[in-house]
Amino acid sequence: MNNTLQKKHGFSYAKYGYLFSLPFFIAFLVFNLYPTLYTVLLGFTDSKGLGNITFHILKDDPWKNFRAVLKAPTFILSIKNTFMLWMMNFIPQITLALILTAWFTSRRNKIRGQGFFKVVFYMPNIITAASVAVLFNALFGYPKGPVNDLLVSAGLRDGAYNFMNSPTATRWIIAFIQFWMWYGYTMIVLISGVLGINPEIYEAAEIDGANDRQIFFRITLPNLRTILTYTLVTSLIGGLSMYDIPKMLNAGNPNNSTLTATMFIYNQSFQNSYMYARGAAASMILFLIIAALSAIVFYLMRDRK
Amino acid sequence: MKKLLAIVLALVMVVALGAPVAFADGKTTINVMSFTDEVPNMINRFVELHPEFADKYEINTTIIATTDGLYQPALDQALASGGADAPDIYCAEAAFILKYAQGDMADFAAAYEDLGIDVDAAIAASEIAPYSVEIGTRPSDGKVVGLGYQATGGAFIYRRSIAQDVFGSDDPAVVGEAIGAGTQSWDKFFEAAAALKEKGYAIVSGDGDIWHAIENSSDTGWIVDGKLNIDPKREAFLDLSKKLKDNGYHNDTQDWTEAWYADMAGIGDQPVFGFYGPAWLINYVMAGNSGGSAPGEGTYGDWAVCPSNVGFFWGGTWLLANKNTPNAEAVAEIIKWITLDDSEDGLQYGWANGTWSGEQGTKDTVASGTVMAKSNGELDFLGGQNMFDAFVPANEYANGSNLTQYDETINTYWRDAVRQYTAGNLSRDEAIAAFKQNVADNLDVEVDF
Amino acid sequence: MSKLERRDGNPVVKFFIYFVCIILAVLSIFPFVVMFINSTRSTFEIQQHAVSLIPSSHLLENWKVFTGKSFNPTTGFLNSLIVAVGATALTVYFSTLTAYALVAYSWKLRGAMFTFILCVMMIPSQVTAIGFYQFMYRIHLTNNLLALILPAIYAPSSVFFFRQFMLASLPLELLDSARIDGSREFHTFNHIAMPIMKPAMATQGIFTFVYTWNNLFMPSILLTRDEVKTMPVMVSMLKGDIYKREYGAIYLGLALTVLPLFIVYFALSKYIIAGVALGGVKG
């Protein structure tokens, strides 16, 4: 038994594990248990309409709301969009963040002004999503706007292009905004992970004559595994619950091409009809998708040693 | 460092705990909930002018902007939860008034007559715009639960210089004739658009400009007996919008964007002839964007108003009272002063003449016809024209029976579908199908495919 | 390629690195320039040309509009500071503590607790937000800044981050040797583990501060009285309704909101820039 094993060492430290994680647990119970359970329960009821407190549990057909959501073409579309938008921004984002991390943590090839660059690259993340959306809307304005003025005066186009009315253009603009807002954040997380690696490992490698490339792939990356898992899982969660930018940039338009899953949930629950039950069912489906994908990431990133 | 952190933390806790401020000076509190400071400022003015009221009551205002989609959830929650924090008076904008006066939340509203207001007599005496009363009337018992102070009946606001160039005169009667004022049809409008196009002018800035007029001139609303209903006049917006775009009759702008504002200053792709809108569009939007502040600067002073070809209204704020308010008498006094008082001491006289706050401000159209009849609506922006001449009939003409509580959302879906059609991304049938799918999936409304 | 060349770095590669970094830096700074310039422009100028690089002369007018409303920006600033400082301190401290529990000790429910924390992180927040509001309303914590500060004690993504960081960087032998020296567990955490976590705490501190400072959704529903409103809530009130917006004042408000973030960010950024990670171990 585990217990006896620990007793052999003379003292059990297990109680500190419970003790130190207690504040987290209590705060969760106090502030979030009720809202969470309430949401789960709602998915199995006929709750609808604000101020209408009486609702019934669907005893005969408990999965009715789930079926309704899965049958709605708009929901399926919103899941597809969410994936597409996430992939379009995450792949370039993690690639650039890794490259920058390699550049900025290289012990031989010191980049001058790297302190400045590290600080500045995170800055797009400190503006609110609403301000960013307003800015990009203005930049891509039609028929008048800086980007269109530039395209026309440079002779690249004869007339203005309506970016916000093209699904492809709008998707790329959203993906770019997400990429631009988050690559600095990801880079900082990765750099902090590199800084946590014991410098003695690097010193040993240098003495052995390893080059930059070898050091990055053989030492930095393997030691970053846990932090990379964090980055992958959190951006997966963040990306699949993407809401602010697509909502405020173009409200999911044109033709629902940028409608995301959380926007769909919000529309169900809090706009107009207050279809709480369907919104709750949709959020549970989304939760299951996120959980399954996170589990895959954990599996792929597991410690193979 | 650690000590500093500890001190800051302790301070945070103390301040945070002390944060809820107690109201304890023996006065009764009236809670007001609104989405701008416009109505709260009016109520403050009322308190200023009535010291005997100020002795007994104090006002606690909550303002939450509509722009981030937060006002309605907060208001709904506050009404549903009740208690001492529940609003006594609350405001609703045209986009969502139906929900509070006729829809899901209507049961929370107090009938004006139950507050002790002799509402029918006052409406008749003040000649309140009929569409405004219609919207504020709860269908379940036929009682008035909400009224406004503004009237937002719409007219056509056009450039005098362009009118002279194309139609030979800038007289509102001539221009009104040219666009088919009062015909309830778009035929003359398109004849005028062709004539304007020949001389290099666009008749309107974008399709949003005609949408507001079309929306409110339709005979039925989006929902009839719980089912989605596409009124033929609204369906026609697809074709009208396409016609505008294909012929280059507009600059293809979207309302509330840079290019739309530029057209007010006359610096867009083609000079734009006019805008459909109520008086507030002139004061709040066009005057500021005309590129000047006195006649001769920019387009300032080059505008005039004539009646619209179709009747419509756009925007407006309604005041409602909580049916559970413990202060019915005080609430009634405030509401009466704002919505029904047609004397020179009432709010509306000051609002119409721009003098309500004590200084000369912008003039606006008001709900009471009686008040407008004794007020002066001359504006320098309109070259000295009295705007009430066009807007008083417009208020009579507007229709309040085609609204539903989901309009804001459904309109967004419809306008996107129309844009997809006019841009050639979807066929006409595909656009209608996409629109129906959106309504079916997002709202609790039956849809026939 | 000889070893010597490698040590100095290939000039072509270096040029490429600087070229990319400078472009990214310009892209990062651009929106702030627009924001600050727009705060000096009039609503008319902004409506006609939303993006401009030429400052105008309307800063004073915008300031008057901004301060002429029913709310007081100083109060908003203080409220934001209380919420952001309080929430950041709680998140950083308790998340480190929870992660420490997950890494430094082996206990029966450790795996379950970690899975639980991950699940909490995956719940879409748009939905529970309304349940949270209803609950706060029932226990009378609306219009109370504590409702925004105390929940910061549970921050699943921060715990996750600290755990992952500790797995790679916290030498457990160090803890054992502390125990042998007679250090008590809580003391070991505060004086030995925490210093090692400094770079991780700084990054999470920045992220939490920025997030709470900018947070709009929950504060605008919870805080309805002027005395407790935070800065972003006040700025959003400037938008009022779509018919009449004071763009100049809105940009001024946004610029003022972002300034304190700069200060906090630059103050903490030294931990991101320099490798102070193992200072605690070596000392």
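Enquirer: Tell me what's going on with the overall build of chain C, and back it up with residues and numbers.
Expert: Scanning chain C from terminus to terminus reveals 16 helices and zero strands. By residue count, 61% of the 283 residues in chain C fall in the buried class. Within chain C, contacts between residues separated by at least 24 positions form 73% of all contacts whose residues are at least 6 apart in sequence. For chain C, the accessible surface area stands at approximately 11,500 Å², while carbon and sulfur atoms represent 67% of it.

Enquirer: Can you tell me about the packing of aromatic side chains, naming the residues and giving the values?
Expert: The description of an aromatic ring pair uses the distance of the two centres, along with the angle that the planes make with each other. Taken as a whole and assessed by the stated rule, the structure comprises 89 aromatic pairs over all chains. Geometrically, the ring pair formed by Phe298(A) and Phe114(C) is edge-to-face, given 6.1 Å between the ring centres and 90 degrees between the ring planes. One end of the pair, Phe298(A), is in helix 14 (residues 276–300); the other, Phe114(C), is in helix 6 (residues 110–122), on a second chain. On the basis of relative accessible area, Phe114(C) is assigned to the buried category, the value being 12%. In this structure, Arg163(C) packs its charged tip against the face of Phe114(C), placed 3.7 Å from the ring centre.

Enquirer: Which residues make up the sheet that holds strand 7 (residues 155–159) of chain B, and what values do they have?
Expert: All names here are of chain B. The antiparallel open sheet is built from three strands, whose spatial order is 10-7-11. The open sheet has two edge strands with one neighbour each: strand 10 (274–277) and strand 11 (303–306). Neighbour-to-neighbour, the strand axes of this sheet turn through a mean angle of 25 degrees, independent of strand direction. Where strand 7 lies against strand 10, four bridges are found, and the strand directions are antiparallel. From the neighbouring strand, alanine 155 faces strand 10, where its bridge partner is glycine 277. Sitting on the sheet, helix 8 (residues 160–167) touches strand 7 and strand 11, and the angle it makes with strand 7 is about 80 degrees.

Enquirer: Run through the domain arrangement of chain C, naming residues and quoting values.
Expert: All names here are of chain C. In terms of domain boundaries, chain C breaks down into domain 1 (3–65) and domain 2 (66–282). Taken together, the 14 residues of domain 1 in the interface contact 17 residues of domain 2. Contact with domain 2 buries area across many residues of domain 1, yet Met35, Trp63 and Val65 alone supply 40% of it, more than any other trio. Scanning the region where domain 1 abuts domain 2 turns up zero salt bridges. Here domain 1 and domain 2 share eight residue pairs in polar contact (both at pLDDT 80 or more) between them. For the side of domain 1 that touches domain 2, the secondary structure elements donating two or more residues are helix 2 (11–38), helix 3 (43–48) and helix 4 (59–67). Across the side of domain 1 that touches domain 2, the residue classes tally to seven nonpolar, five polar and two charged.

Cut-offs applied
Residues numbered from 1 in each chain as written. Chains lettered and ligands numbered in written order. Predicted model: local features only at pLDDT ≥ 70, side-chain atom pairs only at ≥ 80, totals over all residues. Heavy atoms only, no water. Helix = DSSP H or I, 4+ residues; strand = E, 2+ residues; numbered from the N terminus. Buried < 20%, exposed > 50% of the residue type's maximum accessible area, 1.4 Å probe, protein only. Contact = heavy atoms within 4.5 Å. Areas by Shrake-Rupley, 256 points an atom, 1.4 Å probe, with all protein chains shown as cover. Phe/Tyr/Trp six-rings, centres within 6.5 Å; stacked < 30°, edge-to-face > 60°. Lys NZ or Arg CZ within 6 Å of the ring centre and 35° of its normal. Pairing = 2+ DSSP bridges. Axes fitted to C-alpha atoms, helices over the stretch in contact; angles between N-to-C directions. Domains from an automatic or database assignment. Buried area = accessible area lost by both parts, 1.4 Å probe. Salt bridge = Lys/Arg side-chain N within 4 Å of Asp/Glu carboxyl O. Polar contact = N/O pair within 3.5 Å; in protein donor to acceptor, adjacent residues only side chain to side chain. Nonpolar A, V, L, I, M, F, W, Y, C, P; charged D, E, K, R; others polar.

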